[in-house]
There are 2 protein chains.
Amino acid sequence: MKKNINFKKILRSAKLKKTTPRIAILKVLSKTKHPETTQEIYKKLKKTGIDLTTLYRTLASFEKSGLVRKVDLHKDTIYYESNLSHHHHIICTKCNKIEDFENLEIEKVLKQIIKKSSKFKDIKNHSLELFGFCRGCA
Amino acid sequence: MKKNINFKKILRSAKLKKTTPRIAILKVLSKTKHPETTQEIYKKLKKTGIDLTTLYRTLASFEKSGLVRKVDLHKDTIYYESNLSHHHHIICTKCNKIEDFENLEIEKVLKQIIKKSSKFKDIKNHSLELFGFCRGCA
DNA sequence: TTTTTTGCAAAAGGTTTGCAACACG
DNA sequence: CGTGTTGCAAACCTTTTGCAAAAAA
């Protein structure tokens, strides 16, 4: 019953025109659990015939308007992830397994950090990823 | 008096052979305060005549042995930073100003997170960067 | 002397740009 | 209708690979 996400509404609130490619891209992103590269997302879009260039441009504009965020998995390429729920990752540097986590303490600590900062008085975003070997690879 | 860093010693303890390019690259990295791209580092090395390929390979091996780490500044390219002191960054998304910070609380919180994890039992590394507008740009 | 590293040239891969056609509002 | 968006082709830039020469241990 809660299955249909209103993509048009999302685009409207992001002040982006609702176009076929954008809706298709949003759809793919919303189904994606873990961060993916542009190329990976592109593969999933192949059936739609959407151009790679369009995907690059769309991801850039989505990022600017906060619909997706960039995630660094220490992999020489940038990964994107839907920004609908804020969470972080633990990545196995051997098998690339990813575990998500949320943590409220982090937000508190960040507030302390900002308080101490001389140049900044608030932050809009943050990234936090942990790296190690998972139990299987340890 | 404490000015000379013993680059050879660093390489030895990283189990890397001490070669001219590696020492030159270490030297540049040690002088660098903030994360830099491979290309930026390359420019600083121009006078030494070190090849770009060598730089790429060297940074990769330095990263593997923990001498440098990758930093994601949400900029479509990977930045490297000497790993001699562990700290994090606050980046102004407008003017690119960078402020460093250290925080011990973070490490504590990370330990809690790992305790809760089902797939991981320890981590070797982590990244944390904050993004926002600095006071000048706000 | 054996092994690793380097430099060069070339290839590969990913991302961006220019522009005309098209779609949205 | 005007403006923003798309698709295509080409350009661009960064990173990687193969191999022979040079340097390290």
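Being a predicted model, the structure only gives us computed values, none of them experimental.

Conventions and cut-offs
Residues numbered from 1 in each chain as written. Chains lettered and ligands numbered in written order. Predicted model: local features only at pLDDT ≥ 70, side-chain atom pairs only at ≥ 80, totals over all residues. Heavy atoms only, no water. Phe/Tyr/Trp six-rings, centres within 6.5 Å; stacked < 30°, edge-to-face > 60°. Lys NZ or Arg CZ within 6 Å of the ring centre and 35° of its normal. Helix = DSSP H or I, 4+ residues; strand = E, 2+ residues; numbered from the N terminus. Polar contact = N/O pair within 3.5 Å; in protein donor to acceptor, adjacent residues only side chain to side chain. Expected span 1.5 Å × (residues − 1). Buried < 20%, exposed > 50% of the residue type's maximum accessible area, 1.4 Å probe, protein only. Arc of directions from axis to C-beta. Contact = heavy atoms within 4.5 Å. Axes fitted to C-alpha atoms, helices over the stretch in contact; angles between N-to-C directions. Parallel < 35°, antiparallel > 145°, perpendicular 65-115°, else oblique. Nonpolar A, V, L, I, M, F, W, Y, C, P; charged D, E, K, R; others polar. Near = heavy atom within 4 Å. Pairing = 2+ DSSP bridges. Least-squares fit on C-alpha atoms with pLDDT ≥ 70 in both.

With that out of the way, let us pick up the packing of aromatic side chains. In the structure shown here, the tally under the stated rule is zero aromatic pairs over all chains. The aromatic ring of phenylalanine 133 of chain A is capped on one face by lysine 94 of chain A, whose charged end is 4.9 Å from the ring centroid. Residue placement shows lysine 124 of chain B over the ring face of phenylalanine 133 of chain A; its charged tip is 4.1 Å from the ring centre.

Note on placement: threonine 32 of chain B falls in the loop between helix 2 (20-31) and strand 1 (36-37). At 2.7 Å, the side chain of threonine 32 of chain B and the backbone oxygen of valine 28 of chain B are in polar contact.

Residues and elements named next belong to chain B. Compared with the 18 Å implied by 1.5 Å per residue over 13 residues, the 18 Å span of helix 4 (residues 52-64) between its first and last C-alpha is a close match. Every buried residue belonging to helix 4 is among Leu55, Thr58, Leu59 and Phe62, and all of these are buried. Projected down its long axis, helix 4 carries its buried residues within an arc of 100 degrees, all on one side. Residues of helix 4 that are exposed and angled more than 90 degrees away from the buried face: Arg57 and Lys64. Residues of helix 4 that are buried make contact with helix 1 (7-13), helix 2, helix 3 (38-45), strand 2 (68-71) and strand 3 (79-82). Following helix 4 by one or two positions, glycine 66 adopts a phi angle in the positive range, close to 85 degrees.

Quick look at the packing of helix 2 of chain B against helix 4 of chain B now. Residue and element names in this part refer to chain B. Contact geometry for helix 2 and helix 4: axes closest at 11 Å, N-to-C directions at 70 degrees. Judged by the angle between their axes, helix 2 and helix 4 are roughly perpendicular. Touching Pro21, Arg22, Ile25, Leu26 and Leu29 of helix 2 are Thr54, Leu55, Thr58, Leu59 and Phe62, all from helix 4. The residue inventory of the contact of helix 2 with helix 4, partitioned by class, reads seven nonpolar, two polar and one charged.

Our next topic: the environment of lysine 17 of chain B. All names here are of chain B. When you line up the elements, lysine 17 lands in the loop between helix 1 and helix 2. Exposure remark for lysine 17: the relative accessible area of 66% places this residue in the exposed category. C-alpha separation for the pair lysine 17 and isoleucine 5, spaced 12 residues apart in sequence, amounts to 17 Å.

Turning our eyes to something else, we now look at the protein's contact with DNA strand D. Thr19, Arg22, Thr54 and Arg57 of chain A together with Tyr56 of chain B are the nearest of the 19 residues found near DNA strand D. The protein-proximal atoms of DNA strand D, defined as those within 4 Å of the protein, are 69% sugar or phosphate. In this structure, lysine 17 of chain A approaches DNA strand D through a side-chain N or O atom, which is 3.1 Å from a sugar or linking oxygen. One nitrogen or oxygen atom from the main chain of aspartate 51 of chain A is found 3.4 Å from a phosphate oxygen belonging to DNA strand D. At four residues, the largest contribution of residues to the surface near DNA strand D is made by helix 4 of chain B. Within the surface near DNA strand D, the residues separate by chemical class into three nonpolar, eight polar and eight charged.

Residue and element names in this part refer to chain B. With respect to the secondary-structure elements, glutamate 40 resides in helix 3. In the structure, glutamate 40 is positioned 39 residues away from tyrosine 79 in sequence and 9.3 Å away in space, judged by C-alpha atoms. If near-sequence neighbours (up to four positions away) are discounted, glutamate 40 is found in contact with Pro35 and Tyr79.

Before going further, it helps to spend a moment on the pairing of strand 6 (residues 125-132) of chain A. In terms of burial, strand 6 of chain A is largely enclosed, as seven of its eight residues are buried. In this structure, strand 6 of chain A lies alongside strand 6 (residues 125-132) of chain B, joined through seven bridges in antiparallel fashion. In the strand pairing of strand 6 of chain B, leucine 130 of chain A is matched with histidine 126 of chain B.

Once turned by 180 degrees and shifted 0.0 Å along the axis, chain B lies on chain A with an RMSD of 0.1 Å. Here the transformation between the copies is reduced to the relation of a two-fold axis. Among all residues of chain B, the one whose C-alpha sits closest to the rotation axis is leucine 128 of chain B, at a distance of 2.2 Å.

A few words on the protein's contact with DNA strand C. Taken together, 16 residues form the shell around DNA strand C, and within it Tyr56 of chain A together with Lys17, Thr19, Thr54 and Arg57 of chain B come nearest. Sugar and phosphate atoms form 68% of the subset of DNA strand C atoms that lie within 4 Å of the protein. Here a phosphate oxygen of DNA strand C sits 3.3 Å away from a polar atom, N or O, in the side chain of lysine 18 of chain A. Here a phosphate oxygen of DNA strand C sits 3.4 Å away from a polar atom, N or O, in the main chain of aspartate 51 of chain B. Breaking the surface near DNA strand C down by element, the ones donating at least two residues are helix 4 (52-64) of chain A together with helix 2 and helix 4 of chain B. If one sorts the elements of the surface near DNA strand C by residue count, helix 4 of chain A sits on top with four residues. Class assignment of the residues belonging to the surface near DNA strand C gives a composition of three nonpolar, six polar and seven charged.

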